[in-house]
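What follows is the residue order along each chain.
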Amino acid sequence: MYRFLLSRQWVIVTLVAIALIPTMIELGIWQMHRYEMRSARNQLVSDALNAEPVPVERLASPGQAVTSTDRYRTVTATGTFDTSRQVVVRRRVSSDDEVGFHVLTPFVLTDGKVLLVNRGWIPANGAQTAFPKIPAPPAGRTTVTGRLMPDETTAASGIKDIKGLPDRQIMLINSAEQGQRLGAQVLGGYIQQTAPEAKDGTPEQISDPGKEDAPLNYAYMIQWWLFAAGVPVGWWVLVRRELRDRTEAEAGEAGARTEPATV
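An account of the accompanying structure is given in this report. (Residues numbered from 1 in each chain as written. Predicted model: local features only at pLDDT ≥ 70, side-chain atom pairs only at ≥ 80, totals over all residues. Heavy atoms only, no water.)

### Digging into the overall build of the chain
A count of helices and strands for the chain gives four helices and eight strands. The helix and strand sequence of the chain, counted from the amino end, reads α-β-β-β-β-β-β-α-β-α-β-α. Computed over the C-alpha atoms, the radius of gyration of the chain is 32 Å, more than 25% above the 18 Å expected from 2.2 N^0.38 for a compact globule of 263 residues. Overall size of the chain, expressed as C-alpha extent along the three principal axes, is 115 × 40 × 35 Å. Each of the 263 residues in the chain was classed as buried or not, and the buried ones make up 33%. Across the chain, the fraction of contacts at a sequence separation of at least 24, relative to all contacts at a separation of at least 6, is 69%. Per element, the accessible surface of the chain, about 15700 Å² overall, is 56% carbon and sulfur. Separation of charge centres in the chain, based on 28 positive and 28 negative side chains, amounts to 4 Å. (Helix = DSSP H or I, 4+ residues; strand = E, 2+ residues; numbered from the N terminus. Rg over C-alpha atoms; globule rule 2.2 N^0.38 Å. Buried < 20%, exposed > 50% of the residue type's maximum accessible area, 1.4 Å probe, protein only. Contact = heavy atoms within 4.5 Å. Areas by Shrake-Rupley, 256 points an atom, 1.4 Å probe, with all protein chains shown as cover. Lys, Arg positive; Asp, Glu negative; His and termini not counted. Charge placed at Lys NZ, Arg CZ, Asp CG, Glu CD.)

Next comes the structure, spelled out in structure tokens:
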């Protein structure tokens, strides 16, 4: 009954089905790992955002990298803004995806160390080669609050660190490079300022980080494994259909041979 499975066509179909099953299982496992990784990242971000604010010196110091656990932690600092040596970070987008600058202002702490503060986004208002007009931060001794962030790198951000930029413009926020420029001890990483809020909403504060879509990877995982389970079922349905068609064809031929001739 099943000798047709030895035909060239059915051997190819069977081999393809056998190859598809482990491939789809492996794709499901890959999606499972993506789901677990994204879920872990979301949990880290959530834990950091919901943690109690702490003084920035507890989590950052000169030459020390910000860890993944401390990323997005809310920190506070007291000092004064040094607007005379602030720079802008090129090609940053607003919440409406408009291209402009981030404002990076040195914040001199009471002990003389410097914290880099990303005060938020401003529009370019013309050619990006020109230094933009920047609203002034609070004057005098101030306490700021913000989310702690690690130094930016091309590998992590995908942003190329272009050299030869116009004066007081940078591509990436890097505490070591800024320490050399400022001639000061700069705490590792930087903060995205959340308080005090800027007057008239400028610079525009950077929004909270969004969650990665981990449930989508979970759905893909289930989908691939359902596909893997469906391959043998589909193969068996095709086999039964082929067997039925062959049986019906043979029955038709037998009936034609036994039908009496017309007189």
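### Here's the deal with unusual backbone geometry
For the bond running from Ala195 to Pro196, omega is -5 degrees, close enough to zero to count as cis. Examined against the element boundaries, Pro196 turns out to sit in the loop between β8 (190-195) and α4 (214-258). In this model, Thr202 is joined to Pro203 through a cis peptide bond whose omega is -5 degrees. Structurally, Pro203 can be placed in the loop between β8 and α4. With a phi close to 60 degrees, Arg91 is a non-glycine residue in the positive phi region. Turning to its location among the elements, Arg91 is positioned in strand β3 (residues 87-93). Positive phi values are uncommon outside glycine, yet Asp200 reaches one of about 60 degrees. Examined against the element boundaries, Asp200 turns out to sit in the loop between β8 and α4.

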